[in-house]
Amino acid sequence: MAAPAFVPHHTLVTAPSAEPARWMLMLHGIIGSGTNLRMLAKRVAERRPTWGFILVDLRMHGLSQGAPPPHTIAATADDLRRMEEQLGLPVAGVLGHSFGGKVALAYLERRGASVEQAWVLDASPSAGAREPPRAKGARAVLQMLRAVPQPLSSRERF
């Protein structure tokens, strides 16, 4: 029997007593988790109670551990589609920061024109962004990060 499809952990944020008509995915950066965007979601929900926010722990971040490989942006976007289907909420927007912005763009490819709003913060949508000008420096940082003993007990420990 096949394992159930991976669905990321998420938290719903709304204004007090609100019943949002539409929802927005909020996607964190590479070292974060869904809770990084909680204060932003709360503040926007208070001002726009017709919107609800889904704070997602992207695969292998926060409480979304144990996702099967491959750990790619495409697989992460597919996770979001499964989560959306499972929730059954009218997702009308996506906001992604940095790495989350890259995932948002891949998610938008899957959703097409049915998304009302998309916000990509601090992430270049260009193809050139996949190969940074200083790739050797980025490789050195990744090698250093891979050498850090895992798991870490907290962000402060990191």
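In this text, all values refer to a predicted model and were calculated from it rather than measured experimentally.

J.: Could you clarify how one ought to interpret the packing of helix α2 (residues 73–87) against helix α3 (residues 99–111) in this entry?
T.: Packing of α2 against α3 brings their axes to within 8 Å, and their N-to-C directions diverge by 65°. In this structure, α2 meets α3 at a crossing whose hand is right-handed. From α2, Ile73, Ala74, Thr76, Ala77, Asp78, Leu80, Arg81 and Glu84 reach across to α3, where they touch Phe99, Lys102, Val103, Ala106, Tyr107, Arg110 and Arg111. Of the residues contributing to the contact of α2 with α3, the split by class is 8 nonpolar, 1 polar and 6 charged.

J.: Before we go on, may I ask you to explain the sheet that holds strand β3 (residues 51–56) in this structure?
T.: Two pairing modes exist for strands in a sheet, parallel and antiparallel, and in both the strands are linked by backbone hydrogen bonds. Here 5 strands make up an open sheet; going across it, the order is β1-β3-β2-β4-β5 and the pairing mixed. Where the open sheet ends on each side, the last strands, each with one partner, are β1 (10–13) and β5 (117–121). Mean inter-strand twist for the sheet, computed between neighbouring axes without regard to direction, equals 20°. The pairing of strand β4 (residues 91–97) with β5 spans 5 bridges and is classified as parallel.

J.: Help me understand a nonpolar patch on the surface, please; the structure alone is not making it clear to me.
T.: A contiguous nonpolar surface patch, about 320 Å² in accessible area, is contributed by Ile30, Ile31 and Phe158. Residue placement: Ile30 occurs in the loop between β2 (22–27) and α1 (38–47).

The rules behind the values
Residues numbered from 1 in each chain as written. Predicted model: local features only at pLDDT ≥ 70, side-chain atom pairs only at ≥ 80, totals over all residues. Heavy atoms only, no water. Axes fitted to C-alpha atoms, helices over the stretch in contact; angles between N-to-C directions. Helix = DSSP H or I, 4+ residues; strand = E, 2+ residues; numbered from the N terminus. Left-handed = near helix turned anticlockwise from the far one by under 90°. Contact = heavy atoms within 4.5 Å. Nonpolar A, V, L, I, M, F, W, Y, C, P; charged D, E, K, R; others polar. Pairing = 2+ DSSP bridges. Patch = residues over 30% accessible without salt bridge, like charges linked within 9 Å, V, L, I, M, F, W, Y side chains within 5 Å. Areas by Shrake-Rupley, 256 points an atom, 1.4 Å probe, with all protein chains shown as cover. Salt bridge = Lys/Arg side-chain N within 4 Å of Asp/Glu carboxyl O.

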